[in-house]
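# Structure at a glance
Okay, here's what each chain looks like letter by letter:
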Amino acid sequence: MSTGLIIALIVIVAVVAVAAALLMQRSRGSRHGVGLKRRFGPEYDRAVARHDGDTKAAERELAARVERHGDLRARPLEPAEREHFEARWTAAQERFVDSPGDAVAEADRLLAEVAGARGFPDAAQYEEQLAALSVHHAHHVEGYRRVHRVAQARVNGGHEGGAGTEELREAMVDARALFEDLVHASRHDGGRHHRASRDDGHRAPAARGSRMPSLLHRRQAKES
């Protein structure tokens, strides 16, 4: 075999090896992106939008969240803690009739406190707390953002951030989904509380939450 032919074969083998390596890397990257999209759901789309459509930048951000908080194991609430938080949430919903802004601000405080009690970063680290919650409760974390924006607008001298009653109600409804996820059964405690609640005849979270529409109607009646 001539020297030229040997060199040509070596070059061909090298090109094929590089192409295979690139293909494998691209395949791994694609699987990684699919895994992140499956895990984060709507959070994935929000991250992509925040990065102006740059999926790679969004995936790097989400992967970093998983790296920081993926191993977090939230602790179950004690029964007394759970009852305390539930009572405060019920009171906040009742307060919505007369003062929706105050009710939403209380929802913001409650979510921060419940998350801290479960073992997530505390309320003083809102961004990290939100990031950790997005890793473990991605489908409901947007509600926390919404009530927090309203609460911060009030603190900074705004009037509910310009939100109307219906927007505030929607923020409360969204936030309630995360609240129930944190206070009641979750994948971290294996659903033990959910089963116990059914056995004890307690109302399901959805039944408690169904009061929000009626509370809004009561407020609308007052305004008219």
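Just above sits the structure.
Below: a short report on this structure.

Here we come to the overall build of the chain. Check the secondary structure of the chain and you find 11 helices and zero strands. Burial analysis of the chain (224 residues in total) assigns 42% to the buried set. A sequence separation of at least 24 residues applies to 72% of the contacts in the chain between residues at least 6 apart. When the accessible area of the chain is evaluated, it comes to approximately 12,400 Å², of which 55% is carbon and sulfur surface.

Attention now goes to the pattern of salt bridges. Overall, the coordinates contain 18 salt bridges when judged by the stated rule. Residue Glu-43 pairs with Arg-145 through a salt bridge whose shortest N-O separation is 2.6 Å. Of the two residues, Glu-43 sits in helix α2 (residues 42-50) while Arg-145 sits in helix α7 (residues 141-155), which places them 102 residues apart along the sequence. For Glu-43, a relative accessible area of 0% gives the class buried. Residue Arg-145 is classed as buried on the basis of its relative accessible area of 12%. Taken together, the shared-partner salt bridges in this structure form one network comprising Glu-43, Arg-46, Arg-50, Glu-61, Arg-65, Glu-142, Arg-145 and Arg-149.

Bringing the nonpolar core into the picture now. The biggest cluster of nonpolar side chains holds 32 residues, and the ones touching the most others in it are Phe-85, Phe-120, Leu-133, Tyr-144 and Val-147. Of all the secondary-structure elements, those providing two or more residues to this core are α4 (79-95), α5 (100-118), α6 (126-136), α7 and α8 (165-183). Beyond its immediate chain neighbours, meaning those up to four positions away, Val-147 contacts Val-104, Ala-107, Asp-108, Leu-111, Ala-171, Met-172 and Ala-175. Within the second largest apolar cluster, nine residues are counted, among which are Ala-47, Val-48, Ala-58 and Leu-62.

A word on the packing of aromatic side chains. Inspection of the entire model under this criterion finds two aromatic pairs. Considering the side-chain rings of Trp-89 and Phe-179, the 4.5 Å spacing of their centres and the 15° angle between planes classify their relative orientation as stacked. With Trp-89 in helix α4 and Phe-179 in helix α8, this pair connects stretches of sequence that are 90 residues apart. For the pair Trp-89 and Phe-179, a shared accessibility class is recorded, and that class is buried.

What follows deals with α6. Burial of α6 is extensive: nine of the 11 residues sit out of reach of the surface. Every buried residue of α6 is accounted for by Tyr-126, Gln-129, Leu-130, Ala-131, Ala-132, Leu-133, Ser-134, Val-135 and His-136.

Here we come to unusual backbone geometry. Positive phi outside glycine occurs at Asp-52, with the angle close to 55°. Residue position: Asp-52 is located in the loop between α2 and α3 (55-69). Since its relative accessible area comes to 74%, Asp-52 is described here as exposed.

Assignment of secondary structure puts His-148 in helix α7. Excluding residues that lie within four positions of it along the chain, His-148 makes contacts with Asp-108 and Tyr-126.

Once that is clear, we can look at the packing of α5 against α8. Where α5 contacts α8, the two axes come as close as 10 Å, and the packing angle between them is 20°. Here α5 is positioned roughly parallel relative to α8, judged by the angle of their axes. When the axes of α5 and α8 are compared, the crossing they make is left-handed. For the pair formed by α5 and α8, the contact residues are Pro-100, Gly-101, Ala-103, Val-104, Ala-107, Leu-111, Val-114, Ala-115 and Arg-118 on the first element and Leu-168, Met-172, Ala-175, Leu-178, Phe-179, Asp-181, Leu-182 and Val-183 on the second. When grouped by side-chain class, the residues that make up the contact of α5 with α8 number 14 nonpolar, one polar and two charged.

Let's shift gears to the environment of Ala-171. Take Ala-171: it is sitting in helix α8. Separated by 21 residues in the primary sequence, Ala-171 and Val-150 have C-alpha atoms spaced 8.7 Å apart. If we ignore the near neighbours within four places in the chain, the residues touching Ala-171 are Gly-143, Arg-146 and Val-147.

Further remarks concern the environment of Phe-120. By secondary structure assignment, the location of Phe-120 is in the loop between α5 and α6. Along the backbone, Phe-120 and Arg-75 are 45 residues apart, and their C-alpha atoms lie at a distance of 9.1 Å. Discounting chain neighbours no more than four positions away, the residues touching Phe-120 are Leu-72, Ala-74, Ala-115, Ala-132, Leu-133, His-136, His-137 and Leu-182.

Here is what the cut-offs are and how they apply
Residues numbered from 1 in each chain as written. Predicted model: local features only at pLDDT ≥ 70, side-chain atom pairs only at ≥ 80, totals over all residues. Heavy atoms only, no water. Helix = DSSP H or I, 4+ residues; strand = E, 2+ residues; numbered from the N terminus. Buried < 20%, exposed > 50% of the residue type's maximum accessible area, 1.4 Å probe, protein only. Contact = heavy atoms within 4.5 Å. Areas by Shrake-Rupley, 256 points an atom, 1.4 Å probe, with all protein chains shown as cover. Salt bridge = Lys/Arg side-chain N within 4 Å of Asp/Glu carboxyl O. Core = buried A, V, L, I, M, F, W, Y, C linked by side-chain atoms within 4.5 Å. Phe/Tyr/Trp six-rings, centres within 6.5 Å; stacked < 30°, edge-to-face > 60°. Axes fitted to C-alpha atoms, helices over the stretch in contact; angles between N-to-C directions. Parallel < 35°, antiparallel > 145°, perpendicular 65-115°, else oblique. Left-handed = near helix turned anticlockwise from the far one by under 90°. Nonpolar A, V, L, I, M, F, W, Y, C, P; charged D, E, K, R; others polar.

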